[in-house]
Amino acid sequence: MAAKLKKIFVCTNCGTTSPKWEGKCNSCDSWNTFQEETLVKATTQEEKKKVWQESSAKDKVKRPIALPDIVTGKTERLVCPDAEFNRVLGGGIVPGSLILIGGQPGIGKSTLMLQLALQTPIKILYVSGEESEEQIKMRSDRIGAPSSECLIFTETNITKILTQGQQLMPDLMVIDSIQTLSSPHIDSAPGSVSQVRECAGELQRFAKETKIPTIVIGHITKEGSLAGPKLLEHIVDTVLQFEGDRNYSYRILRTIKNRFGSTDELGIYEMQANGLREVSNPSELLLSQTDELLSGSTVSATIEGIRPMLIETQALVSTAVYGNPQRTATGFDLRRLSMLLAVLEKRCGFQFGQNDVFLNIAGGIKVDDPAIDLAIIAALISSLEDVGVNNNICFAGEIGLSGEIRAVNRVEQRIQEADRLGFEQIFISKYNTKVDQARFDIEIIMIGKVEELYSRLFE
Ligand code: TYD
Ligand code: MG
């Protein structure tokens, strides 16, 4: 008897299934993510029996094994020429691992992967379902350094891809992108939840069996019209996210999940006309090169992942002309900006109610570190009063709701980085008690309240 076709609805974000369409997913709380899919199901008695027999036959071969008896094979990591990429993976690519690189369209995922494929002198199978061979050739000419060992295969059928993989046995396989792949065993369109799940499962099996590490590109769209990243996160070993503002050239590669390393790591790149350039010393690039004393511009000693980074913050406070005052922030959470403005109004008596406030983090980099608060407050006051802050001063402190300056983590690392870059003063919280001034040339100024910051800087 033929397999029975069944219609189900699947959440494209998390993969939850439901027999009927639902507006909101009960499992991941996202809206309008359910899509209809056809499920091919073995339902006859004979088929059920066969599946059961197969699984029990497998069970006979595979038995639980004592941990000391497990023999580990070659686990040497594949070290790439790209130091930032190695860092993010925790020291290179682990054999047999499946790595997902997610990011918004146009951010540079294909460029990063092709560059890796061209620069690494190993046999690489680069599978693209998005671009033609000519397009890839043109991109590789742009990047330069063509490697004869990189094989390009434009195909979307997972079975054909894996057949080639098995024949060629490359040292690394790259798939661009998971959303274009399709398995002939499944009825739904490429990019649907069942296709993505099936193909990712196949790739995982292939990688584990052949020990060929595989990197898979996955698109993330805000609308969630393609299969969501959450679904894939469970299947793959490592999830990296490539992010940045398309209007700026800096890109950050972040680890979201890593079975073989820490998730604190961060890689920084700059998109140039001839590909991505590794940025090994971010601080020097994210600081402006001007010597002029500008109001509204301050420097914050932040830590992203585990790397200290000095970032310039710029604020512009101007009189609101049209109706409601505007608040705009690039690279910083708008609600946090509103909170900082409220603290300045309520606790310190500054008036921003009639002003437009614009805030910008240099390089279009998104900063989550709360230690940037103090630099932002200093920039806001500096712009409001139109008095510049000396550019050999930097800041590291979090602001509490009552206007107190709170301690931040890894403060010594921040001070060290500021010291190394030749800053003369750093403002930190007085609650960061274990700091030893004698170890640094930079003058450490400890303050407890925003008023103290004001009197130190502007009076
Ligand atoms: P791409 O890798 O195609 O993005 P994704 O695969 O994430 O969708 O990169 C797209 C952008 O990168 C494109 O707008 C042009 C830019 N780019 C450069 O600036 N320099 C280069 O050398 C290359 C290859 C691309
Ligand atoms: Mg692409």
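Residues numbered from 1 in each chain as written. Chains lettered and ligands numbered in written order. Predicted model: local features only at pLDDT ≥ 70, side-chain atom pairs only at ≥ 80, totals over all residues. Heavy atoms only, no water.

Of regular secondary structure, the protein chain possesses 12 helices and 21 strands. Burial status across the protein chain gives 49% buried among its 459 residues. Summarising the internal contacts of the protein chain: among those between residues at least 6 apart in sequence, 67% fall at separations of at least 24. (Helix = DSSP H or I, 4+ residues; strand = E, 2+ residues; numbered from the N terminus. Buried < 20%, exposed > 50% of the residue type's maximum accessible area, 1.4 Å probe, protein only. Contact = heavy atoms within 4.5 Å.)

With 46 residues, the main nonpolar core has L344, L380, F395, F427, L453 and L457 as its most contacted residues. Ranked by residue count, the leading element in this core is helix α10 (residues 373–385), at eight residues. Domain assignment of the residues forming this core places at least three in each of domain 2 (83–280) and domain 3 (287–457). If you look at the next biggest cluster of nonpolar residues, it comprises 29 residues, including L89, M113, Y126 and L240. (Core = buried A, V, L, I, M, F, W, Y, C linked by side-chain atoms within 4.5 Å. Domains from an automatic or database assignment.)

So, about the site of ligand 1. As a structural note, the neighbourhood of ligand 1 is formed by 15 residues, with G106, S110, T111, Q272 and G275 the closest of them. Within the backbone of A273, an N or O atom sits 3.0 Å from an oxygen atom of ligand 1. Here ligand 1 has 560 Å² of accessible area as a free molecule, and 76% of this is covered by the chains. Contributions of two or more residues to the shell around ligand 1 are made by α3 (109–119), α4 (133–143) and β11 (266–272). (Near = heavy atom within 4 Å. Polar contact = N/O pair within 3.5 Å; in protein donor to acceptor, adjacent residues only side chain to side chain. Areas by Shrake-Rupley, 256 points an atom, 1.4 Å probe, with all protein chains shown as cover.)

Closest axis-to-axis distance for the α3/α4 pair is 10 Å, and the angle between their directions is 70 degrees. Relative to α4, α3 is oriented roughly perpendicular. Facing S110, T111, L114, Q115 and L118 of α3, the residues of α4 in contact are I136, R139, S140 and I143. Of the residues that constitute the contact of α3 with α4, the class distribution is four nonpolar, four polar and one charged. (Axes fitted to C-alpha atoms, helices over the stretch in contact; angles between N-to-C directions. Parallel < 35°, antiparallel > 145°, perpendicular 65-115°, else oblique. Nonpolar A, V, L, I, M, F, W, Y, C, P; charged D, E, K, R; others polar.)

Because the α-helix completes a turn every 3.6 residues, residues three or four places apart line up on one side. For helix α9 (residues 334–348), built from 15 residues, the straight-helix expectation of 21 Å at 1.5 Å per residue is met to within 8% by its first-to-last C-alpha distance of 20 Å. Along α9, the residues that are buried comprise L337, M339, L340, L341, V343, L344 and C348. Close packing links the buried residues of α9 with β15 (327–330), β16 (355–361), α10, β18 (398–399) and α12 (450–458). Two residues or fewer after α9 comes G349, characterised by a positive phi angle close to 75 degrees. (Expected span 1.5 Å × (residues − 1).)

On to a positive patch on the surface, then. The grouping of K346, R347, K430 and K449 at the surface amounts to a positive patch. Position of R347 relative to the elements: it lies in helix α9. (Patch = residues over 30% accessible without salt bridge, like charges linked within 9 Å, V, L, I, M, F, W, Y side chains within 5 Å. Salt bridge = Lys/Arg side-chain N within 4 Å of Asp/Glu carboxyl O. Lys, Arg positive; Asp, Glu negative; His and termini not counted. Charge placed at Lys NZ, Arg CZ, Asp CG, Glu CD.)

Next up on the list: the sheet that holds β15. Hydrogen bonds between backbone atoms are what pair the strands of a sheet, whose relative direction is either parallel or antiparallel. Ordered in space as β15-β16-β14-β13-β17-β20-β21, the seven strands form an open sheet in which the pairing is mixed. Sheet topology places β15 and β21 (443–447) at the edges, where each strand pairs with a single neighbour. Here the average twist between neighbouring strands, direction ignored, is 25 degrees. Along the sheet, α10 contacts β13 (297–304), β14 (307–319), β16, β17 (393–396) and β20 (425–429); its crossing angle with β14, the most-contacted strand, is approximately 30 degrees. (Pairing = 2+ DSSP bridges.)

The subject of this paragraph is the environment of E76. Relative to the assigned elements, E76 resides in the loop between α1 (45–61) and α2 (83–89). Take E76: its relative accessible area is 60%, and that puts it in the exposed class. The sequence separation of E76 and P95 amounts to 19 residues, and the corresponding C-alpha distance is 7.3 Å. The contacts of E76, once residues within four sequence positions are left out, are I93 and P95.

Sheet topology places β11 next to strand β12 (residues 275–278); four bridges connect them, and they run antiparallel. Of the residues in β12, the one forming a bridge with M271 is L276. Connecting β11 to the next strand, β12, in antiparallel fashion are two residues.

Our focus in this paragraph is a nonpolar patch on the surface. Residues I65, L67 and I70 make up a contiguous nonpolar surface patch of about 330 Å² in total accessible area. In this fold, I65 is placed in the loop between α1 and α2. I65 sits in the exposed class, given a relative accessible area of 54%.

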